[in-house]
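Commentary on secondary and tertiary structure
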Amino acid sequence: MTKVGYSQVWDLDVFFAGGSESQELRAHLDASKEEINIVEEKVAKFHTPVSADDGKKVFELIEAIKGTAINLREAGAVIGCFLAANTKDKKALILQGEMGALSAKFANIQLRFKQTLAKTDAEVWQSLLETDELSQFTFILNEWREEVQMKLSEEEESLITALSVDGYQGWGQLYDQLVGDIEIQMTVNGEEKSLSVGQANNLSSNKNEEIRKEAFEKLTEAWKSKEDFFASALNHLAGFRLAVYDKRGWDSVLQEPLMRNRMSQETLDAMWSAISANKEPFVSYLSAKAKMIGKEKIDWYDLDAPVTASTKTMEYEEGAEFILEQFGKFGPELEAFSRKAFNESWIEAEDRPNKRPGGFCTGMPKSEQSRIFMTYSGSMSNVATLAHELGHAFHSYALRPVHYMNRQYAMGVAETASTFAEMIVADAAVKAAETNEEKVALLEDKVQRSVAFFMNIHARFLFETRFYEERKHGVVPAARLNELMEEAQREAYGGALNTVHPHFWASKLHFYITNTPFYNFPYTFGYLFSLSIYAKALAEGENFEQKYLSLLRDTAVMSVEDLAMKHLGEDITKVDFWEKGVALCVKDVEEFLKIASKEG
Ligand SMILES: [Zn+2]
């Protein structure tokens with residue numbers, strides 16, 4: 001009588017029994033500390049190779065680093081899971097701090113190894129890459145070497161790192177503090193409430209225009225009242241970055257983010273050109289949306305407004321089966337893998353208090369497993385999120401045969417497998433919709449995603465590029481930042497907006513993330529890149545899965561240009577590649593407009 005379904009609570013005991021109090025985990029961390037010390041000694045004794053015979057020593061060190069990296073990652077992932085599942089887990093918070101210190105120390109040791117290795121003479125280097133042990137690492141070894149060579153001397157770079165703690169990272173932290181302090185006073189449903197920025201932001205998708213507008217205006221007031229502080233933080237952060245680039249002799253601010261994403265400037269330019277040339281359909285969507293909510297032209301605070309409520313819901317079990325069925329139509333491995341994830345409690349989906357918001361997927365490389373975190377309450381967007389995270393887990397699964405050092409893929413391709421999986425399910429949901437209202441809501445979800453990547457992210461990119469140009473000549477005051485942002489939004493949204501959000505530069509955390517400069521274009525890249533893989537999958541049917549797996553296996557060992565050429569036969573430095581992806585999104589807009597006009 002009792003049907004045992006999939007568990008909605010994940011199993012973390014298989015890694016370390018006993019949660020954040022785990023003795024096993026304690027012992028694992030202590031052992032990892034020892035391992036780090038051993039690697040440190042080995043690196044200290046390591047000398048720059050002088051002949052191909054030194055290849056063995058290099059390989060041994062790579063293996064030692066790999067072993068320790070896997071152990072650290074395993075523990076870090078599990079501790080992250082503890083905290084996400086219970087934000088009040090104090091013990092896990094302490095463990096996280098400990099992990100942070102260990103990881104920083106380990107990163108420094110690895111850097112020293114790379115610096116010593118990079119000094120290898122060009123001829124010896126070539127002979128090293130031809131050895132049996134090292135040929136599999138050709139791509140990452142060349143990347144390490146190039147990076148070290150493009151930077152300053154060891155002493156200078158380590159001085160920069162030391163100074164950056166207070167002179168650079170500090171500005172990012174100050175930003176977080178300033179935002180954390182903001183409280184928004186609002187009356188919601190007759191109740192006077194004090195909201196955090198995150199809570200107030202959530203009101204942007206409220207169906208009541210008054211509430212959306214009030215939340216937006218109150219937030220704007222808050223950004224405005226501290227705009228000089230935000231401008232200071234942004235200017236100093238950018239100033240530090242520019243000063244470092246200048247010393248290194250880097251003249252483009254895009255050099256670092258492009259390098260990290262293993263992408264060329266031509267590819268980036270081609271992508272934005274294709275998007276800029278195809279704004280029109282999305283402008284039509286936004287003006288149709290304005291009409292649907294009773295307006296001439298859309299205001300910024302309406303962008304997330306629902307045009308019709310998606311009423312379709314699915315119980316967890318039903319959602320899981322729906323995903324498995326759709327995955328099965330794509331390929332047997334994706335389906336079998338995902339079924340295993342459901343059966344073996346890899347997923348934390350329960351709707352309960354004290355969980356962190358949002359969703360993520362994290363990998364435990366030692367156990368060769370992944371864990372997925374989200375809060376499932378039955379909406380179709382929850383089903384899409386679940387599919388998205390399963391896509392990430394499948395990416396890790398695809399990479400299992402690959403050496404750990406060859407699995408470190410960049411941000412741009414990181415969202416490939418997830419977006420792909422999400423697309424399979426989102427498309428199927430639209431097809432399975434039983435009413436036009438439901439169909440419009442699901443299609444709008446898809447179109448909104450394109451608007452975010454082609455318009456919102458584009459505005460961020462335009463703003464950031466122009467801001468850096470001006471910053472080279474001096475401090476850019478808040479009033480000018482507002483102007484630059486307004487200009488960027490007007491342009492990126494193709495003139496579709498009535499009111500814009502000039503203080504967006506103050507409100508968006510991404511501009512203040514120090515570890516990843518230009519935290520914007522990789523999102524758009526990942527979206528369009530996975531769309532084109534999806535188009536290929538549709539064209540080739542079930543046979544595509546093996547090709548897809550081999551593409552995923554190569555995501556961390558070549559440039560994105562080579563990846564696309566090898567696995568898709570596409571030249572992504574050309575505008576037409578990107579136009580094909582945009583065209584798929586335009587189809588959704590057309591269908592949306594067709595049904596919406598019938599409905600109206
Ligand atoms: Zn993702």
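Quick caveat: nothing in here was measured; it's all calculated off a predicted structure. (Residues numbered from 1 in each chain as written. Predicted model: local features only at pLDDT ≥ 70, side-chain atom pairs only at ≥ 80, totals over all residues. Heavy atoms only, no water.)

1. Quick word on the overall build of the protein
From N to C terminus, the protein includes 24 helices and five strands. Scaling as 2.2 N^0.38, a compact globule of 600 residues should have a C-alpha radius of gyration of about 25 Å, and the protein matches this with 25 Å. Oriented by its inertia axes, the alpha-carbon framework of the protein measures out at about 75 × 70 × 50 Å. Looking at the protein as a whole, 52% of its 600 residues qualify as buried. (Helix = DSSP H or I, 4+ residues; strand = E, 2+ residues; numbered from the N terminus. Rg over C-alpha atoms; globule rule 2.2 N^0.38 Å. Buried < 20%, exposed > 50% of the residue type's maximum accessible area, 1.4 Å probe, protein only.)

2. Re helix 3 (residues 90-118)
With 29 residues, helix 3 ought to run about 42 Å at 1.5 Å a step, and its terminal C-alpha atoms sit 42 Å apart, in line with that. Inspection of helix 3 places A92, L95, E98, M99, L102, F106, I109, F113, Q115, T116, L117 and A118 among the buried residues, and these make up the whole buried set. Looking at the buried positions of helix 3, the neighbouring elements they touch are helix 1 (23-45), helix 2 (55-85), helix 4 (122-129), helix 5 (138-150) and helix 6 (154-180). (Expected span 1.5 Å × (residues − 1). Contact = heavy atoms within 4.5 Å.)

3. Description of the coordination of the zinc ion
Protein-derived ligands of the zinc ion are H388 (NE2), H392 (NE2), E415 (OE) and E415 (OE), with the metal-ligand distances lying across 2.1 to 2.6 Å. Classification of the site at the zinc ion rests on its four donor atoms, whose angles at the metal span 52 to 137 degrees, yielding the label irregular. Of note, the donors binding the zinc ion are all from one chain and are spaced H-x3-H-x22-E. Within this pair, H388 and its partner H392 are both found in helix 15 (residues 380-398), separated by four residues, close to a single helical turn. Each member of the pair, H388 as well as H392, carries the same accessibility label: buried. (Donors = N, O, S within 2.8 Å, 3.2 Å for Na, K, Ca; no water. Tetrahedral: all angles 85-135°; square planar, octahedral: opposite > 155°, others 65-115°.)

4. Remarks on helix 17 (residues 416-432)
In an α-helix there are 3.6 residues to a turn, and that puts residues three or four apart on one side. Compared with an ideal rise of 1.5 Å per residue, which puts 17 residues at 24 Å, helix 17 spans 24 Å between its outermost C-alpha atoms and is within 8% of the ideal. For helix 17, the tally of buried residues reaches 15 of 17 residues, placing the bulk of the element in the interior.

5. Details of the packing of aromatic side chains
The final tally for this structure, using the stated rule, is 42 aromatic pairs. Judged by centre distance (6.0 Å) and plane angle (45 degrees), the rings of F216 and Y301 are tilted. With F216 in helix 8 (residues 209-225) and Y301 in the loop between helix 12 (280-292) and helix 13 (316-330), this residue pair connects regions lying 85 residues apart in the sequence. Judged on exposure class, the residue F216 and its partner Y301 are both buried. Here the aromatic cluster, defined as three or more aromatic residues joined through ring pairs, consists of W272, W300, F461, F463, F467, Y468, Y493, F504, F511, F518 and F521. For the cation-ring pair, R248 lies above W250, with the distance from its terminal atom to the ring centre recorded as 4.8 Å. (Phe/Tyr/Trp six-rings, centres within 6.5 Å; stacked < 30°, edge-to-face > 60°. Lys NZ or Arg CZ within 6 Å of the ring centre and 35° of its normal.)

6. What to know about the sheet that holds strand 4 (residues 360-364)
Within the open sheet, the three strands sit side by side as 3-5-4. Their pairing is mixed. Looking at strand neighbours, the two that pair on one side only are strand 3 (347-348) and strand 4, the edges of this open sheet. Bridging between strand 3 and strand 5 (residues 369-373) involves two bridges; their strand directions are parallel. When the bridges of strand 5 are listed, I347 appears paired with I372. Relative to strand 4, helix 2 is tilted by about 145 degrees, and along the sheet it contacts strand 4 and strand 5. (Pairing = 2+ DSSP bridges. Axes fitted to C-alpha atoms, helices over the stretch in contact; angles between N-to-C directions.)

7. Side note on the pairing of strand 4
The element strand 4 is largely enclosed, with a buried count of four among its five residues. One ladder, built from five bridges, connects strand 4 with strand 5; its direction is antiparallel. Bridging across to strand 5, G363 finds its partner in S370. Taking the residues between adjacent antiparallel strands as the criterion, strand 4 and strand 5 are bridged by four residues, where E368 takes a positive phi near 50 degrees.

8. Topic: the nonpolar core
Membership of the largest hydrophobic core comes to 149 residues, with the highest contact counts inside it found for F230, L386, F463, W505 and F521. A per-element tally of this core places helix 18 (residues 436-471) first, with 15 residues. Setting aside residues no more than four positions away along its own chain, L386 makes contact with Y316, I323, F342, I347, I372, M374 and Y376. (Core = buried A, V, L, I, M, F, W, Y, C linked by side-chain atoms within 4.5 Å.)

9. Concerning the pattern of salt bridges
For the coordinates displayed, the defined rule picks out 37 salt bridges. A salt bridge links R262 to E143; the nearest nitrogen and oxygen atoms lie 2.8 Å apart. Here the residue R262 occupies a position in the loop between helix 10 (255-260) and helix 11 (265-276), and E143 occupies one in helix 5, the gap between them amounting to 119 residues. With a relative accessible area of 11%, R262 lands in the buried category. A salt bridge links E491 to R466, with the nearest nitrogen and oxygen atoms 2.9 Å apart. Of this pair, E491 sits in helix 19 (residues 478-492) while R466 sits in helix 18; the two residues are 25 residues apart in sequence, bridging distant segments of the chain. Looking at E491, the relative accessible area reads 41%, which means it is partly exposed. (Salt bridge = Lys/Arg side-chain N within 4 Å of Asp/Glu carboxyl O.)

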